[in-house]
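# A look at the structure
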Amino acid sequence: MNVLHEWTILACEELGVDPARVDRDQILDLTKEVAHGVARPAAPLTAYLLGLAQGAGTAPEDAVARLTTLAKNWSRATKETLTDD
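Attention here is on the structure that accompanies the text. A quick note: this is a predicted structure, and the numbers were derived from the prediction, not measured.

For the rest of this paragraph, the subject is the pattern of salt bridges. Scanning all chains against the criterion turns up 1 salt bridge. Note that Arg66 is salt-bridged to Asp62, the shortest N-O span being 3.7 Å. A relative accessible area of 38% means that Asp62 is categorised as partly exposed.

Take the nonpolar core next. Formed by Leu30, Val34, Ala42, Ala43, Leu50, Ala63, Val64 and Ala71, the largest nonpolar core amounts to 8 residues. Every element with two or more residues in this core is listed here: helix H2 (24–37), helix H3 (42–56) and helix H4 (63–72).

Within the sequence span of H4, burial applies to Ala63, Val64, Thr68 and Ala71. Buried residues along H4 cover an arc of 130 degrees about the axis, so they all sit on one side. Tucked inside the fold, the buried residues of H4 contact H2, H3 and helix H5 (74–77).

Rules of the game
- Residues numbered from 1 in each chain as written.
- Predicted model: local features only at pLDDT ≥ 70, side-chain atom pairs only at ≥ 80, totals over all residues.
- Heavy atoms only, no water.
- Salt bridge = Lys/Arg side-chain N within 4 Å of Asp/Glu carboxyl O.
- Buried < 20%, exposed > 50% of the residue type's maximum accessible area, 1.4 Å probe, protein only.
- Core = buried A, V, L, I, M, F, W, Y, C linked by side-chain atoms within 4.5 Å.
- Helix = DSSP H or I, 4+ residues; strand = E, 2+ residues; numbered from the N terminus.
- Arc of directions from axis to C-beta.
- Contact = heavy atoms within 4.5 Å.

Okay, structure coming up:
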């Protein structure tokens, strides 16, 4: 068992989440796109926001795909360099 798999299982147990519901690879791909396409600190923030939306039942079915596309198109979507506030 690798560390990432073990961490996922233990974190899910701690949070009361069924590990079978977690698509770890999809989330890692999303955060990679956000880290490289937007900004590194945006990756954990995006994962947190996605979790909040899913927990509240407001995340669309294709939320991960939509966020991934948004991150991939970030440089085209923004006309100027933004600064963190």
